[in-house]
Amino acid sequence: MTQKLQHILKAEQFDRNLLDRICNLTDAIRKFAKTKEGSLYLKDLLPHRQAMLYFTQPSTRTFLSFLSACNILGMRTSDIRDSSTSSERKGESLEDSLRTFSSYVDIIIMRSPIAGLCDRISHLLDQTPRPVPIVNAGSGPDQHPTQAILDVYTLVRSFREWGELENKTIMFVGDIKRGRTVRSLSKLLTHYKKIKMIFSSPKEFQMEDDLRGFLKNQNIDFMESDLFEKFLPDVDAVYMTRVQDEYDQGSESKKVDYTKYFLKHEHLKLMKINSLIMHPLPRRNELDLQIDHDPRAIYWRQERNGMWTRVALLTILMQVDHQILMPDFHHH
Ligand code: NCD
């Protein structure tokens, strides 16, 4: 039942089966990591493999969580965080640069401002005698599939106590247009039955037609609105985002009143007692610091889940997942 996953490029690659498997793997990995024997077992899975972290767009948590995930599995790592120090500066094409990196490593984890670069590189490498898996750790405003997976894991785990992720109402708030985490997560959520999604954003940052078309095609119950507070009493989870002004063409973000999409401390009393407050981080002012103390605020846990779900994804890509979850393993 192990599914083959050659690269991780976009949310569309994941079905419910695979998502369930990733959640179970993550739970199992966390159990292993609790003991010294378990940690040593994990560390002994991939000491013969090397990962390249190619992060030419700013990153703190995604970079560190992948780095930590590699370390947990005993992988060696190398990184490029600034393309100005590589031969791209000598006029080398990105294709040639990445093919070069691929000669020294067994997997490339990449974040780039260029949407579609991972797809291009994975196709290129697939035609070479030594293809290595490519992981999309954020592709411009387009997608961020591994973030979406840690978000799903966080939702599934948190809702386990009050039923399932099925039937829940999730509200995405803020820059829906350019927020790649929202684009990827909303696609993954389509695999959960009777889920409802609300997209609350300024008119200027409404979703693009491609995502709208995707959700309609999947017959998803979703709504778009420029209102925010009004929906707070109805939602089971609110997913806050910062304005993605690094993608401004001019200074359009400055012209929008984003303060209407801030979650403030006084909003908490409007929300259900069992609801969740999420944020992919980094935050600016859209999430009041005082909210951190509320039990519904789960973004720090969400961040930490990122490392564990990335360990799970690496075990699948490097084909050692069966050494963690036996094929007939059932998690309770
Ligand atoms: C997000 C991203 O890079 O898209 N950050 C992250 O990876 N956790 C969200 C953001 O930058 O706003």
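Note that this is a predicted model, so its numbers are computed, not measured.

Basis of the calculations
Residues numbered from 1 in each chain as written. Predicted model: local features only at pLDDT ≥ 70, side-chain atom pairs only at ≥ 80, totals over all residues. Heavy atoms only, no water. Helix = DSSP H or I, 4+ residues; strand = E, 2+ residues; numbered from the N terminus. Rg over C-alpha atoms; globule rule 2.2 N^0.38 Å. Buried < 20%, exposed > 50% of the residue type's maximum accessible area, 1.4 Å probe, protein only. Contact = heavy atoms within 4.5 Å. Areas by Shrake-Rupley, 256 points an atom, 1.4 Å probe, with all protein chains shown as cover. Lys, Arg positive; Asp, Glu negative; His and termini not counted. Charge placed at Lys NZ, Arg CZ, Asp CG, Glu CD. Near = heavy atom within 4 Å. Nonpolar A, V, L, I, M, F, W, Y, C, P; charged D, E, K, R; others polar. Core = buried A, V, L, I, M, F, W, Y, C linked by side-chain atoms within 4.5 Å. Salt bridge = Lys/Arg side-chain N within 4 Å of Asp/Glu carboxyl O.

**Student:** Explain the overall build of the protein here, please?
**Tutor:** Assigned secondary structure in the protein consists of nine helices and nine strands. Against the compact-globule benchmark of 20 Å for 332 residues, the protein has a radius of gyration of 20 Å, which places it among compact chains. Each principal axis of the C-alpha atoms in the protein carries an extent, and together these give about 55 × 50 × 40 Å. With 332 residues in all, the protein has 56% of them scored as buried. Of all intrachain contacts in the protein linking residues separated by at least 6 positions in sequence, the fraction that spans at least 24 positions is 77%. With the model as given, the accessible surface of the protein reaches about 15,100 Å², and the carbon-plus-sulfur share is 50%. Between the averaged position of the 47 positive side-chain charges in the protein and that of its 44 negative side-chain charges there is a distance of 2 Å.

**Student:** What is the right way to read the site of the ligand from this model?
**Tutor:** For the ligand, the full set of nearby residues is R61, T62, R111, H144, Q147, R180, T181, R242, Q244, P280, L281 and P282. Isolated, the ligand exposes 320 Å² of accessible area, and the fraction of that covered by the protein chains is 94%. Across the shell around the ligand, the residue classes tally to three nonpolar, five polar and four charged.

**Student:** It is not clear to me how the nonpolar core should be interpreted in this structure. Could you clarify?
**Tutor:** Generally speaking, a soluble globular protein has its nonpolar side chains buried in company with each other. In this structure, F14, I109, F172 and L189 are the most contacted members of the largest nonpolar core, which totals 70 residues. Other than its neighbours up to four places away in sequence, I109 contacts A51, M52, L53, Y54, F55, F66, C70, V135, A137 and L314. One finds M171, M240, L268 and Y299 within the second-largest nonpolar core, a separate group that totals 19 residues.

**Student:** Honestly, the side chain of H144 in this entry has me stumped. Any pointers?
**Tutor:** Residue position: H144 is located in the loop between β4 (134–139) and α6 (145–159). Of the residues examined, H144 reaches a relative accessible area of 3% and is grouped as buried. Not counting residues up to four positions away in its chain, the partners in contact with H144 are T62, R111, A137, G138, R180, T181, S184 and R310.

**Student:** Explanation requested: the pattern of salt bridges in the structure shown.
**Tutor:** When the charged atoms of two side chains lie near each other, side chains of opposite charge can form a pair. Scanning the model with the defined rule gives 21 salt bridges in all. The shortest N-O distance in the salt bridge between R160 and D27 comes to 3.1 Å. One end of the pair, R160, is in the loop between α6 and β5 (169–173); the other, D27, is in helix α1 (residues 16–33), and 133 residues separate them in sequence. Assessed through its relative accessible area of 38%, R160 is described here as partly exposed. A relative accessible area of 5% means that D27 is categorised as buried. Here D248 makes a salt bridge to R178, at a shortest N to O gap of 2.6 Å. Here R178 lies in the loop between β5 and α7 (180–189) and D248 lies in the loop between β8 (237–240) and β9 (276–278), a separation of 70 residues in the sequence. One network of salt bridges, in which partners are shared, links R16, D20 and E166.

Read these as spatial facts, not as claims about activity.
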